[in-house]
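An overview of the molecular structure
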Amino acid sequence: MSKNTIAFRLFQKLGISRGLGYLLKMNFSSIVDRDYVPAAALGGLTYGATAVEMTSAYAAIENDGVFREPTCIMRITDAQGESIIDNTVRYGLYANTMASVRIYEKNAARIMTDVLCTVMQKGTGRRMALEGMTSAGKTGTTNDQKDGWFVGFTKYYTTGIWVGCDLPREVEDLMGNTYPGNIWHEFMTAIHEGLEDRSFEPYSDPRDPKDIYPDGYIDTNGDGIPDSFIKGMIDSDDDGFPDSFPEGWIDNDGDGIPDGYPKGFIDTDGDGIPDDY
């Protein structure tokens, strides 16, 4: 299930220019004036993004918020075998020469990584989870199933998969967790063969528990849930949806539109006006 309203509201609060500014700092090359609209919160860009741009942006999240300019060059040596350029060493005296810039605060990147791990555990990417290897990722599907994305990472590699047509058209059964997800899973499984599992670094929460739960962590009935926890947000059957979540708002097919959403109110062209308006 994709709760797109959260991204939309955060984007509005952050500001459109500031939000797209993150993409510009990571060298997204096709941002135009028409993209400075609320629909950009959900990826509604005029010319979209390339697979390299999308994948390098996800790599910045895994890299504690630091973006590194992507390159196909791993190492260049001189006639004596001495390294002139070495992009294989991440830290230390001979650290790689790729241009890098901080995009997100370290803790913010780690929080987002934790969110993306949940996608692989009980979200739209749960079928793509790697056996014996901690991973994080996200599915993506555009209107009318014209584009399918799956981008994810481990402590070793970040991989992005896009499936679609050069001239956009509907592709049957195309969603982020079908063709793109299957390709991602098969490729990542192969390149991680023989590697030991490495977990992501945990984030820190500087908030006082009293700010999170006004009544503290008191659990008077011993059910393992703080007394002040909102009852409707409990997921007792562990299906990834709060118990009180309306059934009709669940997005089982991953198209970004709740199953019970009135058909006529869908805005497929992204102009902000429902199709049947």
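Residues numbered from 1 in each chain as written. Predicted model: local features only at pLDDT ≥ 70, side-chain atom pairs only at ≥ 80, totals over all residues. Heavy atoms only, no water.

What follows deals with the packing of aromatic side chains. One pass over the full model with this rule turns up three aromatic pairs. Taking the centre distance of 4.9 Å and the plane angle of 50 degrees together, the rings of F150 and W184 count as tilted. On the criterion of sequence distance, the pair formed by F150 in strand β6 (residues 147-153) and W184 in helix α5 (residues 179-191) is long-range, its members being 34 residues apart. As far as the burial class goes, F150 and W184 line up, both buried. Consider the rings of F153 and F200, whose centres lie 5.5 Å apart with planes at 80 degrees: the pair is edge-to-face. Of the two residues, F153 sits in strand β6 while F200 sits in the loop between α5 and α6 (209-212), which places them 47 residues apart along the sequence. Overall, the relative accessible area of 14% leaves F200 in the buried class. (Phe/Tyr/Trp six-rings, centres within 6.5 Å; stacked < 30°, edge-to-face > 60°. Helix = DSSP H or I, 4+ residues; strand = E, 2+ residues; numbered from the N terminus. Buried < 20%, exposed > 50% of the residue type's maximum accessible area, 1.4 Å probe, protein only.)

This paragraph deals with the sheet that holds strand β7 (residues 158-164). Read across the open sheet, the three strands follow the order β5-β6-β7; overall the sheet is antiparallel. Either end of the sheet is taken by a strand with one partner, and the two such strands are β5 (136-141) and β7. Averaged over neighbouring strand pairs, the angle between their axes works out to 5 degrees when direction is ignored. Pairing geometry for β5 and β6, over six bridges, is antiparallel. Paired with A136 across the strands is F153, a residue of β6. Across the sheet, helix α3 (residues 51-62) lies against β5, β6 and β7, angled at about 30 degrees from β6, the strand it touches most. The strands that helix α4 (residues 106-122) touches are β5 and β6; relative to β5, the one it contacts most, it runs at about 70 degrees. (Pairing = 2+ DSSP bridges. Axes fitted to C-alpha atoms, helices over the stretch in contact; angles between N-to-C directions. Contact = heavy atoms within 4.5 Å.)

The subject of this paragraph is the confidence of the model for the protein chain. When pLDDT is averaged along the protein chain, the result is 83, and 71% of the positions lie at 70 or above. Across residues 91-95, confidence stays below pLDDT 50; counting only partners more than four residues off in sequence or on other chains, it has six contacts. (pLDDT = per-residue confidence, 0-100.)

Side chains of β7 alternate between two faces, with T159, I161 and V163 buried and T158, G160, W162 and G164 left unburied. The pairing of β6 with β7 spans seven bridges and is classified as antiparallel. Bridge pairing links W149 to W162 in β7. The hairpin formed by β6 and β7 contains four residues between the paired strands.

A surface patch of negative charge is lined by D144, E170, E172 and D173. Mapped onto the secondary structure, E170 falls in the loop between β7 and α5. (Patch = residues over 30% accessible without salt bridge, like charges linked within 9 Å, V, L, I, M, F, W, Y side chains within 5 Å. Areas by Shrake-Rupley, 256 points an atom, 1.4 Å probe, with all protein chains shown as cover. Salt bridge = Lys/Arg side-chain N within 4 Å of Asp/Glu carboxyl O. Lys, Arg positive; Asp, Glu negative; His and termini not counted. Charge placed at Lys NZ, Arg CZ, Asp CG, Glu CD.)

This part takes up the pattern of salt bridges. Going through the model one piece at a time under the given rule, you end up with three salt bridges. Between R110 and D64 there is a salt bridge, with the nearest N and O atoms lying 3.0 Å from each other. Of the two residues, R110 sits in helix α4 while D64 sits in the loop between α3 and β1 (66-68), which places them 46 residues apart along the sequence. We note that R110, like D64, is buried. Across the salt bridge formed by E201 and K155, the nearest N and O atoms sit 3.1 Å from each other. A residue pair is termed long-range when its members are at least 10 positions apart, and E201 in the loop between α5 and α6 and K155 in the loop between β6 and β7 qualify at 46 residues.

This part is about the pairing of strand β3 (residues 83-86). Inspection of the sheet shows strand β2 (residues 75-77) paired to β3 by three bridges, in the antiparallel sense. Directly across from I76, in β3, lies its bridge partner I85. Hairpin connection between β2 and β3: a loop of five residues separates the two successive antiparallel strands, and G81 in this loop has a positive phi of roughly 85 degrees.

Ranked by size, the top nonpolar core spans 13 residues in total, and within it L20, L23, M26, F28, I31 and L45 carry the most contacts. Breaking this core down by element, the ones donating at least two residues are α2 (16-25) and α3. Sequence-distant contacts of L45, defined by excluding residues within four places in its chain, comprise L20, L23, I31, D35 and A40. Residues M120, M133, I161 and W184 belong to the second largest nonpolar core, which totals 12 residues. (Core = buried A, V, L, I, M, F, W, Y, C linked by side-chain atoms within 4.5 Å.)

So, about the environment of S83. Along the chain, S83 turns up in strand β3. The exposure class assigned to S83 is partly exposed, which follows from its relative accessible area of 43%. Not counting the four nearest positions on each side in its chain, S83 is found in contact with R75, I76 and T77.

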